[in-house]
Amino acid sequence: MTDLSAIASRLKLQLPSPELAFRPPWQGAGTLQLYVKRDDLIHPLISGNKWRKLKYHLAPFLANPPGRLLSFGGGHSNHLLALGYLCQQLGLPLTAVVRGDYTSRETPCLHYLQRWGVDIRYVSKLDYRRRHEPGYLVQLKAQTGAEQIIPEGGSSPQALKGVGEILDELSHDYDYILAPIASGGTLAGLIQSAKQPQAKIIGVAMLKGEGYLESLVGELLRAPAHDWQISHEYHGGGYAKVTQELTAFCQAMGPLVPLEPVYSGKLFMAARDMLAQGRFAPHSRVLLLHTGGLPCPLSN
Ligand SMILES: *Cc1c(COP(=O)(O)O)cnc(C)c1O
């Protein structure tokens, strides 16, 4: 299989993803036009933004298989799950370098990676921190036989073009576009491809990283770019930190839009709060990017 569209149709990816009007019972919501871009519906395992980010990473490998790939993530990584599934489907060998030792507490993500034949290497948190160091990458390649490295979250300059295609699919102009940010590729891709000059692109930080997240995004962007900002008020204490309020919010929103607490729940709760604070101009059109992350529906 040598082209992306053939793969997208074989995997039954739902593309373009739906862009739906969203009418939550939030104070002030009636004065705005809210929409959701449902990238969570693209595929149950290739979660939302992960297809967007991996697409052009994998494209050159289809005609010229590169040998073993290697990437990074936590024990619950949506990125490793998506990449593991794609590699299994495409017949590409993969090594997953996982932060922390999970040998005695297998997660659903790691369970599937194992089933798909992924070579899993657990490393200490200290080693994991070296994942961007060239010397460490050379060492990992020698240890595992990997030829190609895909950075954590798939966030590299190659990821941006695929993310930009979200904007090509839109049928409305927006005043605000809100997206979650963790490793930065999604936000950087939106910024790089923004065509609507009035659109303010707002990243909502999913982790504590004031300054750090700005520099991640800045490094991914090649050209001087569109206006953007990151809001740091809604990580709820850190990555994957979940409060009772957040869990209740996700449950209450469920009938309108399925949310999970690590990404989409925080994003939508941020939107509700920004609205209550009057951060959006009256009558403006606001897009929430649902990047997926919902629990994987497969059973054993
Ligand atoms: C990976 C992921 C993100 C984070 O995107 P980045 O490009 O890493 O900032 C957001 N939402 C979901 C559901 C994810 O799986």
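Residues numbered from 1 in each chain as written. Predicted model: local features only at pLDDT ≥ 70, side-chain atom pairs only at ≥ 80, totals over all residues. Heavy atoms only, no water.

## A closer look at the sheet that holds strand β7 (residues 176-181)
The strand order across the open sheet built from six strands is β1-β2-β10-β7-β8-β9, with neighbouring strands paired in mixed fashion. Across the chains shown, the open sheet's two edge strands, defined by having one partner strand only, are β1 (19-21) and β9 (228-231). The average angle at which neighbouring strand axes cross in this sheet is 25°, direction not considered. Most of the contacts of helix α9 (residues 212-220) go to β9, to which it runs at about 150°, and overall it touches β7, β8 (200-205) and β9. (Pairing = 2+ DSSP bridges. Helix = DSSP H or I, 4+ residues; strand = E, 2+ residues; numbered from the N terminus. Axes fitted to C-alpha atoms, helices over the stretch in contact; angles between N-to-C directions. Contact = heavy atoms within 4.5 Å.)

## Considering the sheet that holds strand β3 (residues 68-73)
One open sheet accounts for four strands, arranged β5-β4-β3-β6; its pairing is parallel. Both outer strands of the open sheet, β5 (119-123) and β6 (146-150), are each paired with one neighbouring strand and no more. The sheet shows a mean angle of 25° between the axes of neighbouring strands, taken without regard to direction. Sheet topology places strand β4 (residues 94-99) next to β5; five bridges connect them, and they run parallel. Paired with V98 across the two strands is Y122, which belongs to β5. Docked against the sheet, helix α3 (residues 78-90) engages β3, β4 and β6, running at close to 160° with respect to β3.

## Things to note about the pattern of salt bridges
Under the defined criterion, the tally for this structure stands at 12 salt bridges. The residue R130 makes a salt bridge to D127 at a minimum N-O spacing of 4.0 Å. A salt bridge links R279 to E233; its shortest N-O distance comes to 3.7 Å. Placement of R279 in the loop between α11 (264-276) and β10 (285-290) and of E233 in the loop between β9 and α10 (244-253) is noted, with a sequence separation of 46 residues between them. The exposure class of R279 is partly exposed, given its relative accessible area of 30%. (Salt bridge = Lys/Arg side-chain N within 4 Å of Asp/Glu carboxyl O. Buried < 20%, exposed > 50% of the residue type's maximum accessible area, 1.4 Å probe, protein only.)

## Considering the packing of aromatic side chains
Following the criterion strictly, the structure yields 10 aromatic pairs and no others. Between F22 and W26, the aromatic rings sit 5.6 Å apart at their centres with planes inclined by 85°, giving edge-to-face as the arrangement. In this pair, the class of F22 matches that of W26, namely buried. Ring plane angle 80° and centroid distance 6.1 Å describe the contact between F72 and Y128, whose orientation is recorded as edge-to-face. In this pair, F72 is assigned in strand β3 and Y128 in helix α5 (residues 125-128), connecting sequence segments 56 residues apart. (Phe/Tyr/Trp six-rings, centres within 6.5 Å; stacked < 30°, edge-to-face > 60°.)

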